[in-house]
Amino acid sequence: FPVTIVFAQINQRINEELIKHPEYQDDVALQKANIPYIGELFLGHVRYGTFGKNSIESVHPFLRQNNWMHRNLIVAGNFNMTNVKELFQDLVEVGQHPKEMADTVTVMEKIGHFLDDEVTNLYLECKNEGLSKQEASPIIAQRLNIARILKRASKNWDGG
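Okay, so let's go over this structure. Keep in mind that what you see is a predicted model, and the values were worked out from it rather than measured. The numbering scheme is per chain: residues are counted from 1 as the chain's sequence reads. Selection of residues for local features in this predicted model requires a pLDDT of at least 70, selection of side-chain atom pairs for listing and counting requires 80 or more, and totals for whole chains, interfaces and linings are taken over all residues. Side-chain descriptors were evaluated using all non-hydrogen atoms of the structure, hydrogens and water having been removed beforehand.

1. Observations regarding the side chain of Glu 17
Reasoning step 1: Put simply, DSSP H or I for four residues or longer makes a helix, DSSP E for two residues or longer makes a strand, and each gets a number counted from the N terminus. Relative to the assigned elements, Glu 17 resides in helix 1 (residues 3-20).
Reasoning step 2: Exposure categories follow from relative accessible area, calculated using a 1.4 Å probe and restricted to protein chains: below 20% of the type maximum is buried, above 50% is exposed, and the middle band is partly exposed. Among the residues examined, Glu 17 registers a relative accessible area of 15% and is labelled buried.
Reasoning step 3: Any two residues whose heavy atoms approach within 4.5 Å are treated as being in contact. When residues no more than four places from it in sequence are discounted, the contact partners of Glu 17 are Tyr 24, Asn 34 and Ile 35.

2. Here we look at the packing of helix 4 (residues 103-128) against helix 6 (residues 146-153)
Reasoning step 1: To get an axis, fit a line to the C-alpha atoms, keeping to the stretch in contact for a helix; angles then go from 0 to 180 degrees between the N-to-C directions. In the contact formed by helix 4 and helix 6, the axes pass within 9 Å of each other and the chain directions differ by 135 degrees. With respect to each other, helix 4 and helix 6 are oriented oblique. Regarding helix 4 and helix 6, the two cross each other, and that crossing is right-handed. Facing Lys 110, Ile 111, Phe 114, Leu 115, Asp 117 and Glu 118 of helix 4, the residues of helix 6 in contact are Arg 148, Ile 149, Leu 150, Arg 152 and Ala 153.
Reasoning step 2: Residues are grouped as follows: nonpolar covers Ala, Val, Leu, Ile, Met, Phe, Trp, Tyr, Cys and Pro; charged covers Asp, Glu, Lys and Arg; every other residue, Gly included, is treated as polar. Each residue belonging to the contact of helix 4 with helix 6 can be placed in one class, and the counts come to six nonpolar, no polar and five charged. Working rule for angles: under 35 degrees goes down as roughly parallel, over 145 as roughly antiparallel, 65 to 115 as roughly perpendicular, anything else as oblique. Each crossing gets its hand from how the near helix is turned against the far one by less than a right angle, where anticlockwise is left-handed and clockwise is right-handed.

3. With respect to the nonpolar core
Reasoning step 1: Residue types Ala, Val, Leu, Ile, Met, Phe, Trp, Tyr and Cys, when buried and joined through side-chain atoms within 4.5 Å, form a set referred to as a nonpolar core. Leu 73, Met 81, Ile 111, Leu 115, Ile 140, Leu 144 and Ile 149 are the most contacted members of the largest nonpolar core, which has 22 residues in total.
Reasoning step 2: When contributions to this core are tallied by element, the ones reaching two or more residues are strand 2 (73-75), helix 3 (84-93), helix 4, helix 5 (133-143) and helix 6.
Reasoning step 3: Considering each element in turn, this core owes the most residues, nine residues, to helix 4.
Reasoning step 4: Excluding residues within four positions of it along the chain, Ile 140 makes contact with His 70, Val 119, Leu 122, Tyr 123 and Cys 126.
Reasoning step 5: In terms of nonpolar packing, the next biggest core, distinct from the first, is built from six residues, Ile 10, Ile 14, Leu 18 and Tyr 24 among them.

4. Some details on the pattern of salt bridges
Reasoning step 1: Any Lys or Arg side-chain nitrogen found within 4 Å of a carboxyl oxygen on Asp or Glu counts as a salt bridge. Under the counting rule described, the total for this entry stands at nine salt bridges.
Reasoning step 2: Between Lys 20 and Glu 17 there is a salt bridge, with its nearest N and O atoms 3.4 Å apart. Note that Lys 20 and Glu 17 are positioned in helix 1 at a spacing of three residues, about one turn of the helix.
Reasoning step 3: Among the salt bridges present, the one from Asp 116 reaches Arg 64, with a minimum N-O distance of 3.0 Å. In this pair, Asp 116 is assigned in helix 4 and Arg 64 in strand 1 (residues 62-64), connecting sequence segments 52 residues apart. Comparing Asp 116 with Arg 64 shows no difference in burial state: the two are buried.
Reasoning step 4: Each of Arg 64, Arg 71, Glu 109 and Asp 116 takes part in one network of salt bridges that share partners.

5. Describing the packing of aromatic side chains
Reasoning step 1: Note on ring pairs: Phe, Tyr and Trp rings are taken, using the six-membered ring of Trp, and paired if centres are within 6.5 Å. Classes follow the plane angle, with under 30 degrees stacked, over 60 edge-to-face and the rest tilted. Counted according to the given criterion, the structure contains zero aromatic pairs.
Reasoning step 2: Above the ring of Phe 62, the side-chain terminus of Lys 99 is found at 5.8 Å from the ring centroid. Placement of a charge over a ring requires the Lys NZ or Arg CZ to be within 6 Å of the ring centre, with the centre-to-atom vector within 35 degrees of the ring normal.

6. Comments concerning the packing of helix 4 against helix 5
Reasoning step 1: Where helix 4 contacts helix 5, the two axes come as close as 9 Å, and the packing angle between them is 125 degrees. It follows that helix 4 is oblique to helix 5 by the angle criterion. Crossing geometry of helix 4 relative to helix 5 is assigned as right-handed. Residues Glu 118, Val 119, Leu 122, Tyr 123, Glu 125 and Cys 126 of helix 4 pack against Lys 133, Ala 136, Ile 139, Ile 140 and Arg 143 of helix 5.
Reasoning step 2: By residue class, the composition of the contact of helix 4 with helix 5 is seven nonpolar, no polar and four charged.

Spelled out as C-alpha cells, the structure:
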C-alpha cells in the first residue's frame with residue numbers, strides 16, 4: 001500500500017471534516033478534538049512485513065482502543081517475536097481472545113493486559129482516597145508507571 005495513497009486518504013478525510021465544519025478552520029483545539037489524525041504527536045515508522053498480509057489492516061501503528069483514555073494503546077515496531085505461540089497462549093490463559101496470532105498483536109495485547117491492570121489498581125487507589133471517577137482521571141494519568149507496565153509485559157518476550 002504506497003504511502004502516497006495513505007496520505008491522500010488521510011488528507012481527504014481531514015478536508016472533508018473542514019468542509020463539513022467551517023468553524024474548525026481556524027481553531028486548532030477544535031480540530032484536535034474532532035478531526036482524526038490531528039494532534040501534537042506524530043509517529044514515523046517504516047517497516048516491511050515478515051508476517052501477515054500487505055494490507056491496510058497490517059500497517060503500523062496498531063491501535064488498541066478503549067473508552068477509558070488511560071487504556072488506549074498504540075504500538076509500532078520492527079521486531080520478530082520467536083515465541084508468538086507461547087505469548088498468544090499466555091493471553092488466552094488470562095481470558096483474552098486476541099484477534100490474530102501475530103507478533104505485533106500479541107505484544108500489544110500483552111502490554112494492554114498490564115496497562116489495564118495498572119489502571120484498575122490506580123482507579124481503586126483513587127476511589128479509596130474519596131475521588132470521583134472524573135477526579136480520578138488526571139490522577140491516574142500522573143501516576144501511571146509506563147516503565148513498570150513494559151517491564152511486566154516483556155518478561156516472556158523472546159526474539160529480535
